[in-house]
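Overview (structure and organization)
Chain by chain, the residues run as shown.
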Amino acid sequence: MREWNELFMANYGTPRLTLVSGSGNKVIDSQGNEYLDFLGGIATNILGHAHPAIIEAVTKQIGELTHVSNFYAHPKGLQLAEELQQLVGVTSARTFFCNSGAEANEAALKISRLTGRKRIVAFTNSFHGRTMGALSMTGQSSKRAPFLPLIPDIKFLPFGDDRALKRGITKRTAMVIVEPIQGEAGVILPPQGFLRKIRERCDETGTLMTVDEVQTGMGRTGEWFGYQREGIIPDIITLAKGLGGGLPLGATIGIGKAAGLFQAGSHGSTFGGNPTSAAAALAAIRVLREENFLKRVRLLGERLKTDGSSIAGVREVRGEGLLIGIELEAANAQAVAQALEQRKVLVNAANPSTIRIAPALVTSGVDVERFLGCLEESVGQVR
Ligand code: PLP
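Below: a short report on this structure. (Residues numbered from 1 in each chain as written. Predicted model: local features only at pLDDT ≥ 70, side-chain atom pairs only at ≥ 80, totals over all residues. Heavy atoms only, no water.)

**Topic: the overall build of the chain**
Along its length, the chain carries 12 helices and 15 strands. Against the 2.2 N^0.38 benchmark of 21 Å for 383 residues, the chain shows a C-alpha radius of gyration of 21 Å, consistent with a compact globule. Burial status across the chain gives 53% buried among its 383 residues. Contacts spanning at least 24 positions in sequence make up 71% of the contacts within the chain whose residues lie at least 6 apart. When the accessible surface of the chain is totalled, it reaches about 17200 Å², and 52% of it is carbon and sulfur. Across the chain, the mean location of the 42 positive side-chain charges is 7 Å away from that of the 37 negative side-chain charges. (Helix = DSSP H or I, 4+ residues; strand = E, 2+ residues; numbered from the N terminus. Rg over C-alpha atoms; globule rule 2.2 N^0.38 Å. Buried < 20%, exposed > 50% of the residue type's maximum accessible area, 1.4 Å probe, protein only. Contact = heavy atoms within 4.5 Å. Areas by Shrake-Rupley, 256 points an atom, 1.4 Å probe, with all protein chains shown as cover. Lys, Arg positive; Asp, Glu negative; His and termini not counted. Charge placed at Lys NZ, Arg CZ, Asp CG, Glu CD.)

**Remarks on the packing of helix H3 (residues 75-88) against helix H9 (residues 275-288)**
Between H3 and H9, the least distance of the axes is 8 Å, while the angle of their chain directions is 40 degrees. Taken together, H3 and H9 sit at an angle that is classed as oblique. The two elements H3 and H9 meet at a crossing, and its hand is left-handed. Contact residues: H3 offers Lys76, Gly77, Gln79, Leu80, Glu83 and Leu87, while H9 offers Pro275, Ala278, Ala279, Ala281, Leu282 and Ile285. Among the residues making up the contact of H3 with H9, the classes are represented as 8 nonpolar, 2 polar and 2 charged. (Axes fitted to C-alpha atoms, helices over the stretch in contact; angles between N-to-C directions. Parallel < 35°, antiparallel > 145°, perpendicular 65-115°, else oblique. Left-handed = near helix turned anticlockwise from the far one by under 90°. Nonpolar A, V, L, I, M, F, W, Y, C, P; charged D, E, K, R; others polar.)

**Concerning the sheet that holds strand E14 (residues 348-351)**
Strand order across the open sheet formed by 4 strands is E11-E12-E15-E14, with antiparallel pairing between neighbours. With partners counted over all chains shown, the strands left at the sheet margins are strand E11 (314-320) and E14, one partner each. Strand-to-strand twist in this sheet, taken as the mean axis angle between neighbours without regard to direction, amounts to 30 degrees. Taken together, the 4 bridges between strand E12 (residues 323-328) and strand E15 (residues 354-357) define a ladder with antiparallel strand orientation. The residue bridging Ile326 from the neighbouring strand is Ile355, located in E15. (Pairing = 2+ DSSP bridges.)

**So, the sheet that holds strand E1 (residues 19-23)**
In spatial order, the strands read E1-E2-E3-E13; together these 4 strands make up an open sheet with mixed pairing. Strand pairing shows two members of the sheet lacking a second neighbour, E1 and strand E13 (345-346), which therefore form its edges. Pairing analysis gives 4 bridges linking E1 to strand E2 (residues 26-29), with the strands arranged antiparallel. If you follow Gly22 over to E2, its bridge partner there is Val27.

**Some thoughts on the pairing of strand E10 (residues 250-254)**
Burial of E10 is extensive: 5 of the 5 residues sit out of reach of the surface. Going residue by residue along E10, you find Gly250, Thr252 and Gly254 tucked away on one face and Ala251 and Ile253 tucked away on the opposite face as well. The pairing of strand E4 (residues 94-98) with E10 spans 5 bridges and is antiparallel. The residue bridging Thr95 from the neighbouring strand is Ile253, located in E10. Pairing geometry for strand E9 (residues 236-239) and E10, over 4 bridges, is antiparallel. Within E10, the position partnered with Thr238 by the bridge is Thr252.

**Looking at the packing of helix H2 (residues 52-64) against H9**
Two elements in contact, H2 and H9, have axes separated by 8 Å at closest approach and are oriented at 150 degrees. When the interaxial angle is binned, H2 and H9 end up roughly antiparallel. Taken as a pair, H2 and H9 cross one another with a handedness that is right-handed. Within the contact between the two elements, H2 uses Ala53, Ile54, Ala57, Val58, Gln61 and Ile62 and H9 uses Pro275, Thr276, Ala279, Ala280, Ala283, Ala284 and Val287. Broken down by class, the residue content of the contact of H2 with H9 amounts to 11 nonpolar, 2 polar and no charged.

**What to know about the site of the ligand**
Within the structure, the ligand sits among 13 residues, and Gly101, Ala102, Asp212, Gln215 and Lys241 are positioned closest to it. At 2.7 Å, a side-chain N or O of Asp212 approaches a nitrogen atom of the ligand. Lys241 is positioned such that a nitrogen or oxygen atom in its side chain is 3.4 Å from an oxygen atom of the ligand. Expressed as a share of its isolated accessible area of 390 Å², the protein-covered part of the ligand is 82%. Looking at which element gives the most residues to the shell around the ligand, the answer is helix H4 (residues 101-113), with 3 residues. For the shell around the ligand, a count of residues per class yields 3 nonpolar, 6 polar and 4 charged. (Near = heavy atom within 4 Å. Polar contact = N/O pair within 3.5 Å; in protein donor to acceptor, adjacent residues only side chain to side chain.)

**Structural notes on the pairing of E9**
The alternating pattern of E9 places Ile236 and Thr238 on one face and Ile237 and Leu239 on the opposite face, and all of these are buried. With 3 bridges joining them, strand E8 (residues 208-212) and E9 adopt parallel strand pairing. Bridging across to E9, Thr210 finds its partner in Ile236.

Such coordinate-based values are descriptive only and should not be taken to indicate function.
Have a look at this one:
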């Protein structure tokens with residue numbers, strides 16, 4: 001086989017490992033080494049690898065109906081949209097299916113234009129995707145700078161500072177887009193009540209509130225959606241990552257007025273909501289609905305925070321459920337991630353001082369113990 005660099009563009013750097021198989025949250029590399037996968041395809045494989053429910057649903061679906069285009073309805077798409085409507089808990093919720101998080105946010109951006117307003121408010125250090133619209137709303141200048149000019153009239157407010165909302169969001173603002181927890185930035189939580197303050201200001205100004213649940217949605221935080229902890233209902237919810245149970249699937253859910261702005265021909269996606277990805281998503285939701293499943297996710301998160309924060313060299317462990325950021329005392333997250341890899345544990349350094357973990361939601365207490373032991377050794381090794 002030819003080398004990575006001879007085949008791929010350089011945008012991802014050169015991966016150190018080639019993964020060939022997996023089961024639950026264990027993966028095997030091309031040398032036969034087994035790893036504890038605590039990154040979960042970056043918060044994507046909610047049921048881990050080769051989950052029987054996903055295998056069965058996808059195998060059955062691919063044997064029945066593969067792809068139908070958007071000229072036709074299909075049962076799995078209808079069932080999934082109904083499930084999402086139920087999970088959101090509002091009968092006015094309407095779904096547009098796509099394939100990824102960036103696409104879900106692009107659709108939200110286009111919906112916002114149909115309000116007749118053009119201005120967008122996003123937040124510093126946010127991440128909403130790499131396509132031009134989603135990148136325009138991403139508050140990280142290093143990612144934006146090479147691609148200027150981006151979409152105009154997008155203002156970035158400080159994440160978590162509710163005093164900035166009054167002046168920043170006005171009657172000319174079409175949409176505010178916010179992550180309940182900033183995942184890519186290093187698992188940053190806003191102060192409690194921040195989302196509610198945004199909701200209130202959006203109500204005062206007639207602005208659409210979009211909550212980007214691409215990383216936090218589908219049980220990741222121990223709730224179906226991250227915004228639920230604040231008891232609000234957004235106007236638009238964007239989903240991807242965990243939604244497809246490991247298969248590519250994104251969704252933009254509009255509620256109330258936002259549900260009705262797209263008209264026939266406004267937007268589309270060839271593969272969006274295809275039967276196979278929809279079947280996988282339905283299977284994943286069925287498993288997540290099992291008794292105490294999400295409660296267990298919350299408890300594991302609490303354990304990681306309590307036990308992780310007592311490790312020497314760890315400044316803070318933050319997050320909700322199984323979206324966790326481990327803030328180190330030194331800016332050596334990259335070295336700690338490598339030391340963990342030597343111990344056959346996969347994580348990622350979200351920023352120079354933060355390790356991010358987002359393992360499959362089927363992770364057990366035993367896996368968490370093993371992870372914490374390896375973390376302690378790894379932080380000790382590189383101090
Ligand atoms: N929004 C959030 C909050 C994300 O974390 C990501 C990806 O990490 C995206 C959007 C983009 O998703 P995708 O890579 O599927 O386009």
